[in-house]
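What the coordinates show
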2 protein chains.
Amino acid sequence: MKIHMELGANSYDIVVERGSLHKCSTLLNLNRKVFIITDSGIPTALSEAVRAQCREGYISTVAQGEASKSISVYEKLLGEMLSLGFSRGDCVVAVGGGVVGDLSGFVAASYMRGVDFYNIPTTVLSQIDSSIGGKVAVNLGGIKNIVGTFYQPKKVVIDPDVLATLPKRQISNGLAEAVKMSLTSDEELFSIFEQPNPTDRIDEIIIKSLMIKKSVVEQDEKESGLRKILNFGHTIGHAVESEAELKDLYHGECVALGMIPMCSPEVRKRLIRVLKSLSLPIRYPFDEEKALKALTHDKKSKGNMVTAVYVEKAGSFKLKDIPCESLKSDLGLICER
Amino acid sequence: MKIHMELGANSYDIVVERGSLHKCSTLLNLNRKVFIITDSGIPTALSEAVRAQCREGYISTVAQGEASKSISVYEKLLGEMLSLGFSRGDCVVAVGGGVVGDLSGFVAASYMRGVDFYNIPTTVLSQIDSSIGGKVAVNLGGIKNIVGTFYQPKKVVIDPDVLATLPKRQISNGLAEAVKMSLTSDEELFSIFEQPNPTDRIDEIIIKSLMIKKSVVEQDEKESGLRKILNFGHTIGHAVESEAELKDLYHGECVALGMIPMCSPEVRKRLIRVLKSLSLPIRYPFDEEKALKALTHDKKSKGNMVTAVYVEKAGSFKLKDIPCESLKSDLGLICER
């Protein structure tokens, strides 16, 4: 199926189709120099499958993990493109999860002030969420996504077949974002997670999540208003994630934790049941002081208030200004002592 | 006088007014955190005059010269903003020439995916050219402007009074870009340079040059077509500039050299007379092989052809595809042996 993202001059299509990775040259213009960025955690067969379809493809593999979203890795990739003689008419393809997509997108956005960018997300998280929307970035000084821009891909190719080999924890990590979108925008999608074996309906979950994100991004490309709902669970989630000692939680797991304090008690009860069934964390031992400090550095902070998305009733949301002081007790709800 | 740059959602005003530096708080919103970027070659009085008008202003001074347009300086500035707790609602002000403007613009474009950017150009070159148009960038691997984006300022404040203390060579450096614009687009402006003492008419030259650039940028914000005319003299100019040994030529001087081979013989004759009267170079000893190599790395190169702007008749131009082989003899026209 093809989902059209309507963003004026920045419009693009998202193709969701089993087997599409192996025929991406029919969907993308690979008849030029192609810089394929992937990471060491992604099966090499996936990037090789893309390269095999290029006229002149080069694979660059960064180390798996958030540490690759750095200005130094960004500079290294740009330098490689330069050495390989990439020109403005060539392109960048991301093959991997959110780290690869965010990093590759920023490289594509700034190499010669922008070359074509294609995204082939290979994790649940990136297929349902991070591969679309055009937010590209790297981290700096321990703060996530602080350096970047808005840059839309020319096309996104989603092949659910590539999820088959993912470990269960990785899949749940991605589904956390779908739970997030369902809670603010689509109670029907949320109810899929309240039934047994939601992963049997993964194609449906991907498409429903993409439709929510599409609608939000189309209305607010540059995150000036509505798009904030996509940050549900992220304000606290990012703070937990930034906390330096904590390298053993995935992004979706942090978002899972981050949603818990931002719900009404009744929604929270349903949410916790869903998170448990997906083996997602509902408490975690982290340094509350450090997380609190990271919170006040978050992009969404203004003065002494943090604006966060709050869900009173499943399928809807409101923006809530939360004084920094009361965030401490919110963190207490999810901090394991 | 106020020149309005019409770029839809990215529109902004350029204020050209003597004394405007000292009342920029009436023109810009400085009632927030303000990150002022300047360089060691700009009189500190200028950046201090801006800071004095801010509620909370911070000055960061980079080393004078092209070497500051690097990813490492870019990262350092972003890190400073982060340490100072800058948020998305704060702003960046460039006080300086093209190096400061290009670097600051890229910092502003990517800090938290974009904060407001104001440009206060303090050299002739930046006042007539580089401060408007939204091209922001740093250099990499010896190639100019290879990493960057398009990011429009919120306002540009041009105060011709600040030019008073500039050395003559700096002024001629800037006027080279005005000569460039006049040759492709405005023979009347070119004729000012054919008369005695053109610098007495500097305000007029600034405004006429801005009007040309405004018209070009409005029609082609992202440099997909028409905007190429602004690159007149730059294809060869950049190659001469990139050539590593050559640190003693200014940008405008390189553009002056770069224009010479790209004119018809009769225009070339008039151009050389003008360049001489402005004490701009018409020949220079550089390594032709290295310059040729840099040329083929230039953003404007496509395969074995370089597309360059060519002036057959003053005030008009055409795009010409030049085979890499014949560039060698073009370089011969300006290379002093």
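Our structure's up above, just so we're on the same page.
Summary of the structure given here. All values derive from a computational prediction rather than experimental measurement. (Residues numbered from 1 in each chain as written. Chains lettered and ligands numbered in written order. Predicted model: local features only at pLDDT ≥ 70, side-chain atom pairs only at ≥ 80, totals over all residues. Heavy atoms only, no water.)

All right, on to the overall build of chain A then. The helix and strand tally for chain A stands at 12 helices and 12 strands. In terms of overall dimensions, chain A is globule-like: its C-alpha atoms have a radius of gyration of 19 Å, near the 20 Å expected for 337 residues. Across its three principal directions, the C-alpha atoms of chain A cover 55 × 40 × 35 Å. Each of the 337 residues in chain A was classed as buried or not, and the buried ones make up 63%. Sequence-distant contacts, at least 24 apart, represent 71% of the contacts inside chain A between residues at least 6 apart. (Helix = DSSP H or I, 4+ residues; strand = E, 2+ residues; numbered from the N terminus. Rg over C-alpha atoms; globule rule 2.2 N^0.38 Å. Buried < 20%, exposed > 50% of the residue type's maximum accessible area, 1.4 Å probe, protein only. Contact = heavy atoms within 4.5 Å.)

This brings us to the nonpolar core. Within the largest apolar cluster, 90 residues are counted, with the highest numbers of intra-cluster contacts made by Ile 14, Val 50, Val 93, Ile 120, Leu 183 and Phe 193 of chain B. Apart from the residues within four sequence positions on either side, Val 93 of chain B is in contact with Leu 30, Val 34, Phe 35, Ile 36, Ile 37, Val 50, Tyr 118 and Ile 120 of chain B. Grouped together as the second largest cluster of nonpolar side chains are 88 residues, Cys 54, Ile 229, Ala 314 and Leu 331 of chain A included. (Core = buried A, V, L, I, M, F, W, Y, C linked by side-chain atoms within 4.5 Å.)

All right, on to the environment of Phe 317 of chain B then. Residue and element names in this part refer to chain B. Looking at where Phe 317 falls in the secondary structure, it is placed in the loop between β11 (305-310) and β12 (318-323). Separated by 26 residues in sequence, Phe 317 and Ala 291 place their C-alpha atoms 24 Å apart. In this structure, Phe 317 is in contact with Thr 184, Leu 226, Ile 229, Val 309, Tyr 310 and Val 311, ignoring residues within four places of it in sequence.

Expressed as a screw operation, the relation of chain A to chain B combines 0.0 Å of axial shift with a rotation of 180°, fitting to an RMSD of 0.0 Å. The superposition of one copy onto the other is thereby described by a two-fold rotation axis. Closest to the rotation axis within chain A is the C-alpha of Ile 71 of chain A, separated from it by 4.0 Å. Of the residues that chain A buries at the interface, 100% are likewise interface residues in chain B, meaning the two copies contact each other through the same surface. (Least-squares fit on C-alpha atoms with pLDDT ≥ 70 in both.)

So, about the sheet that holds strand β3 (residues 33-39) of chain B. Residues and elements named next belong to chain B. Spatially, 7 strands are ordered β1-β2-β9-β6-β5-β3-β4 in an open sheet, and the strand pairing comes out mixed. The sheet is open, and its two borders are formed by β1 (2-5) and β4 (56-62), each paired with just one other strand. Within this sheet the neighbouring strands show an average axis-to-axis angle of 15°, counted without direction. Note: strand β2 (residues 12-16) against strand β9 (residues 155-158), 4 bridges, orientation parallel. Note on β9: the bridge partner recorded for Val 16 is Ile 158. (Pairing = 2+ DSSP bridges. Axes fitted to C-alpha atoms, helices over the stretch in contact; angles between N-to-C directions.)

Another aspect to go through is unusual backbone geometry. All names here are of chain A. Unlike most non-glycine residues, Ser 279 shows phi in positive territory, near 60°. Summarising the element assignment, Ser 279 is placed in the loop between α10 (265-277) and α11 (288-297). On the basis of relative accessible area, Ser 279 is assigned to the exposed category, the value being 53%.

Our next topic: the interface of chain A and chain B. Of the residues lining the interface, 30 residues belong to chain A; the matching set on chain B comes to 30 residues. Applying the counting criterion to the chain A and chain B interface returns 0 salt bridges. In this assembly, chain A and chain B are joined by 6 residue pairs in polar contact (both at pLDDT 80 or more). Looking at the side of chain A that touches chain B element by element, the count peaks at 7 residues for strand β8 (residues 143-150) of chain A. Counted by class, the side of chain A that touches chain B contains 15 nonpolar, 9 polar and 6 charged residues. (Salt bridge = Lys/Arg side-chain N within 4 Å of Asp/Glu carboxyl O. Polar contact = N/O pair within 3.5 Å; in protein donor to acceptor, adjacent residues only side chain to side chain. Nonpolar A, V, L, I, M, F, W, Y, C, P; charged D, E, K, R; others polar.)

On to the sheet that holds strand β2 (residues 12-16) of chain A, then. Residues and elements named next belong to chain A. Judged by pairing direction, the sheet is mixed, and its 7 strands sit side by side in the order β1-β2-β9-β6-β5-β3-β4 without closing on themselves. With partners counted over all chains shown, the strands left at the sheet margins are β1 (2-5) and β4 (56-62), one partner each. Recorded for the sheet is a direction-independent mean angle of 15° between the axes of neighbouring strands. Where strand β3 (residues 33-39) lies against strand β5 (residues 91-96), 4 bridges are found, and the strand directions are parallel. Residue pairing in the sheet places Ile 37 in a bridge with Ala 94 of β5.

With that settled, consider the side chain of Arg 113 of chain B. Turning to its location among the elements, Arg 113 of chain B is positioned in the loop between α3 (98-110) and β6 (116-121). What makes Arg 113 of chain B buried here is its relative accessible area of 6%. Only 3.4 Å separates the side chain of Arg 113 of chain B from the backbone oxygen of Val 136 of chain A, close enough to count as a polar contact.

Everything listed here is a matter of geometry and, on its own, says nothing about what the molecule does.
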